[in-house]
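Listed below are the residues making up each chain.
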Amino acid sequence: MALANCIRALAMDAVEQAKSGHPGMPMGMADVATVLWERFLKFDAAAPHWPDRDRFVLSAGHGSMLLYALLHLTGFADMTLDEIKRFRQLGAKTAGHPEYGHATGIDTTTGPLGQGIANAVGMALAERSLAARFGDAVADHYTYVIAGDGCLMEGISHEAASLAGHLRLNKLIVLFDDNAISIDGPTALTVSDDQCARFEAYGWAVARVDGHDPDAIAAAIEAARKSDRPSLLACRTTIAYGAPTKSGTAASHGSPLGAAEIAGARARLGWSHPPFEIPADLLERWRAIGARGAKERAAWDRRVSALPKEQRDEFRRVLAGKLPADWQAGLDALKAKLIVEKPSLATRVSSQHAIEAAAPALPELIGGSADLTGSNNTRGKDFAVIKPGHYGGRYIHYGVREHAMAAAMNGMALHGGAIPFGGTFLVFSDYCRPAIRLSALMEQRVIYVMTHDSIGLGEDGPTHQPVEHLAALRAIPNLHVMRPADAVETAECWALAIARADGPSLLALTRQNLPTLRSDAAENRCARGAYVLAEAPGERAVTLVATGSEVMLAMAARDALATEGIAAAVVSMPCWSLFDRQTGKYRREVLGASRTPRIFVEAGIAMGWERYMGPKDRFIGMTGFGASAPAPELYKHFGITAEAAVAAAKAAIGR
């Protein structure tokens, strides 16, 4: 209890000083966290990036002071007492919710409830994948999660738990803070689920435990570690344990306790020390907990060093997220072949060819799809399927679980040793969006393969035709949205996505066939976001700018304008965010002088294009939802045609 009270005191004091935060959960789960970190968690505070450490995910991220207190007490160098005192202040490592990269020991960004559980599924899967490839001697650790009622109410928890149960990820252990309180009051106001029965139905091992009985907690964790299934331990706790009037109530959930309540809690807990003061003897015990993993880490280092050199170097490479020197050779060869053969292919098919070209050099490239493998074309021809008990494959059948797929890929990327990619239809990026946003926030190398990217998918109609999605996704900071125009650009976009180590990429790909437009493969022209695909035959009178499947329409319009003596250039713009990083001089060269009219063509809404448009410019695209019909008829019906581009160009120049 004395060790746990250190957590409670720091949580009370930090939240009170900030006049903001959630003291109840850290106080209620302090006993559970203490048992886990003292007796089970494999880590070394002096080596926070140790690859074979256990992962600790605070899915209930609002209780961030629980994590910050643990990191400070166990001796993580950057989690100083001053940082605890600066809780929730600008520039502090102790942000309101844990943010990956702000401080060591924070294994993922949490706060949006349920995301942490799904991240943990990806982490547990990545651990098993590494073990299958390199052996249990160097990859053998658990993933622990602290989750609350809110995490289990969120729909993503169903998707993630179902997937974990199916795959029998037995090294995943969720400690459920079963305090029966949410912000609005008792959880009985909103939910009557039997969470234990629910997780049993997923195929999990389940136990109920008194969350304030250290021996019972330890026994439950020990049993979970021996299970052949993932485990849920429902820890019955009292929120704000020790607070005299606010414990067990919603009043302690998301507000400071107040000076009087804190004084009463100190008295009830027998804690007589001033704010932020941890007695030397207790701090020494905590620091010993933080150091006890050093011997195990040293032994792991020796085991890694004992691996055959080639295997050892490969193990270290993939964990570091570095790419082999010749990794682009397959994609370069593919591009050269495409330039010669000039196939007409849907970019989703071109994407599969790119995957197959890159995969031999990148064993860490692990793909999947949300039950749309044949439509997304995400499975390489040599990709074995990851199955329960068999984790050495490179392909995951996620089922119809788009949200969990995206969040699990975040977990895989965070864990290290994998470059995850996963597919669904672009319209269903809505189901993935919260996790995509976190990919961008955490700067993780995750690749989203989104096919059927416009009305060009045809007969499935407006429920499946994305019109606003490109604009919505482009609005997410640090997300590269790429919409290639042909097979060559698709290969180039894949190369950029794989090479990018500071954030996610999303490929928007067609269902319909597109001609090969590129005639050169010397450089990755998509790397600059936009480029002149075809210069004007003479002094440029108008610039036609398009993305994806509409680039071929711009090319046809250029040819038609040429017959009327109008010199038009065609610009392919596969990625806005990359183009916006270029120099002003380059952007002006590509788009043409401001006095030169620009016609923008994209089978989506106009939102966002205004950044490139002047008063004389025109946009040809969608203004509402699509319809059910063959794709060629839809393009004509909605006026997205070469003829429309020609008419707009002539109107813009006064012809």
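Residues numbered from 1 in each chain as written. Predicted model: local features only at pLDDT ≥ 70, side-chain atom pairs only at ≥ 80, totals over all residues. Heavy atoms only, no water.

Description of the overall build of the chain
What the chain contains, in helices and strands, is 26 helices and 20 strands. Here the chain has a C-alpha radius of gyration of 27 Å; the compact-globule value for 655 residues is 26 Å, and the two agree. Each principal axis of the C-alpha distribution contributes one length, and for the chain these read about 90 × 55 × 45 Å. In the chain, which comprises 655 residues, the share counted as buried stands at 61%. For the chain, contacts bridging at least 24 residues in sequence account for 77% of all contacts bridging at least 6. Element-wise, carbon and sulfur atoms account for 52% of the exposed surface of the chain, whose accessible area totals about 23600 Å². (Helix = DSSP H or I, 4+ residues; strand = E, 2+ residues; numbered from the N terminus. Rg over C-alpha atoms; globule rule 2.2 N^0.38 Å. Buried < 20%, exposed > 50% of the residue type's maximum accessible area, 1.4 Å probe, protein only. Contact = heavy atoms within 4.5 Å. Areas by Shrake-Rupley, 256 points an atom, 1.4 Å probe, with all protein chains shown as cover.)

Here we look at the pairing of strand S2 (residues 143-148)
With six of six residues buried, S2 is to be regarded as a mostly interior element. Side chains Thr143, Val145 and Ala147 project from S2 onto one buried face, and the interleaved Tyr144, Ile146 and Gly148 project onto a second face that is buried too. The pairing of strand S1 (residues 55-58) with S2 spans four bridges and is classified as parallel. Residue pairing for S2: arginine 55 is matched across the bridge by threonine 143. Relative to strand S3 (residues 172-178), S2 is paired through six bridges, and the arrangement is parallel. If you follow valine 145 over to S3, its bridge partner there is valine 174. (Pairing = 2+ DSSP bridges.)

A short note on helix H4 (residues 64-74)
Three- or four-residue spacings in an α-helix give side chains the same orientation, since the helix completes a turn every 3.6 residues. Judged by how many residues are buried, H4 sits mostly within the fold: 11 of 11 residues are covered. Turning to H4, its buried residues are Ser64, Met65, Leu66, Leu67, Tyr68, Ala69, Leu70, Leu71, His72, Leu73 and Thr74. Where H4 terminates, the next one or two residues include glycine 75, which has phi positive at roughly 100 degrees.

Remarks on empty space enclosed by the protein
Applying the stated criterion across every chain, the model contains three cavities of 30 Å³ or more. By volume, the largest cavity is sized at about 110 Å³. Lining the largest cavity are 13 residues, and of these Phe43, Arg53, Asp54, Phe76 and Asp107 sit closest to its centre. (1 Å grid on protein atoms, 1.4 Å probe; cavity = no way out; pocket = protein on both sides within 12 Å on 5 of 7 lines; lining within 4 Å. Points joined across faces, edges and corners; volume = space filled by probe spheres on them.)

Some words on the sheet that holds strand S17 (residues 542-546)
The strand order S16-S18-S17-S19-S20 describes an open sheet built from five strands, whose pairing is mixed. This sheet does not close on itself; its edge strands, each paired only once, are strand S16 (531-534) and strand S20 (618-620). Strand-to-strand, the axes of this sheet are offset by a mean angle of 30 degrees, without reference to chain direction. Summarising the sheet, S17 and strand S18 (residues 568-572) pair through five bridges and their orientation is parallel. Residue pairing across strands places threonine 543 opposite alanine 569, the latter belonging to S18. (Axes fitted to C-alpha atoms, helices over the stretch in contact; angles between N-to-C directions.)

Quick notes on the pairing of strand S11 (residues 419-425)
Burial runs high along S11: seven of the seven residues are buried. Where strand S9 (residues 365-369) lies against S11, three bridges are found, and the strand directions are parallel. When the bridges of S11 are listed, leucine 365 appears paired with isoleucine 419. Read as a crossover between parallel neighbours, the route from S11 over helix H19 (residues 429-442) to strand S12 (residues 447-451) is right-handed. (Right-handed = clockwise from strand over helix to strand, strands pointing away.)

Focus on the state of the cysteines
Considering all chains together, one arrives at zero disulfides under this definition. Looking at cysteine 151, it has no disulfide partner, and the nearest cysteine sulfur is the one in cysteine 235, 13 Å off. Cysteine 493 forms no disulfide, and the closest cysteine sulfur to it belongs to cysteine 526, at a distance of 4.1 Å. (Disulfide = S-S within 2.5 Å.)

Some points on the nonpolar core
Generally speaking, nonpolar side chains in soluble globular proteins are found buried as a group. In terms of nonpolar packing, the biggest core is built from 122 residues, with Trp37, Met65, Leu175 and Leu506 touching the most fellow members. Here the element with the most residues in this core is helix H1 (residues 2-18); it accounts for 10 residues. Ignoring any residue separated from it by four or fewer positions in sequence, one finds leucine 175 in contact with Met29, Val32, Leu36, Val145, Ile146, Ala147, Ile221, Leu233 and Cys235. The next biggest cluster of nonpolar side chains, apart from the first, holds 47 residues, and it includes Ala534, Met555, Phe579 and Ala645. (Core = buried A, V, L, I, M, F, W, Y, C linked by side-chain atoms within 4.5 Å.)

Considerations on the layout of surface pockets
Each pocket or cavity is described by its volume, and for the largest pocket that value is around 590 Å³. Around the largest pocket sit 31 residues that line it, and Tyr100, Ala413, Leu414, Gly416 and Gln444 are the ones nearest its centre. For the lining of the largest pocket, the secondary structure elements donating two or more residues are helix H14 (309-320), helix H18 (402-415) and S11. In the lining of the largest pocket, the residues fall into 15 nonpolar, nine polar and seven charged. When its volume is computed, the second largest pocket comes out at roughly 230 Å³. Lining the second largest pocket are 17 residues, with His62, Leu113, Gly150, Ser182 and His253 positioned closest to its centre. Those elements that place two or more of their residues in the lining of the second largest pocket are helix H7 (149-153) and strand S4 (181-182). The element contributing the most residues to the lining of the second largest pocket is H7, with three residues. Its residues placed into classes, the lining of the second largest pocket shows six nonpolar, nine polar and two charged. (Nonpolar A, V, L, I, M, F, W, Y, C, P; charged D, E, K, R; others polar.)

A word on the pattern of salt bridges
Enumeration over the complete set of coordinates arrives at 34 salt bridges. Residue glutamate 83 pairs with arginine 86 through a salt bridge whose shortest N-O separation is 3.5 Å. Taking relative accessible area as the criterion, arginine 86 reaches 32% and is therefore assigned partly exposed. With a closest N to O distance of 3.1 Å, arginine 540 and glutamate 535 form a salt bridge. You can call arginine 540 buried: its relative accessible area is 16%. You can call glutamate 535 partly exposed: its relative accessible area is 40%. Via salt bridges that share partners, Glu127, Arg128, Asp136, Asp140 and Lys171 belong to a single interconnected network. (Salt bridge = Lys/Arg side-chain N within 4 Å of Asp/Glu carboxyl O.)

Quick notes on the side chain of arginine 348
Inspection of the secondary structure assignment puts arginine 348 in helix H16 (residues 347-358). Beyond its immediate stretch of four places on either side in the chain, arginine 348 contacts Gly374, Ser375, Asn376, Asn377, Thr451, His452, Leu509, Thr510 and Arg511.

Some thoughts on the sheet that holds S3
Pairing within the open sheet is parallel, and its five strands lie in the order S1-S2-S3-S7-S6. What marks the edges here is a single partner per strand, and that holds for S1 and strand S6 (205-210). Taken pair by pair, the neighbouring strands of this sheet meet at an average axis angle of 20 degrees, ignoring direction. Pairing analysis gives six bridges linking S3 to strand S7 (residues 231-236), with the strands arranged parallel. Residue pairing across strands places valine 174 opposite leucine 232, the latter belonging to S7. Contacting S1, S2, S3 and S7, helix H3 (residues 30-40) crosses the sheet at an angle of about 175 degrees to S2.

Remarks on the side chain of histidine 480
Tracing the backbone shows histidine 480 in strand S13 (residues 480-482). At 2.8 Å, the side chain of histidine 480 and the side chain of serine 577 are in polar contact. (Polar contact = N/O pair within 3.5 Å; in protein donor to acceptor, adjacent residues only side chain to side chain.)

All we've got here are geometric facts, nothing functional implied.
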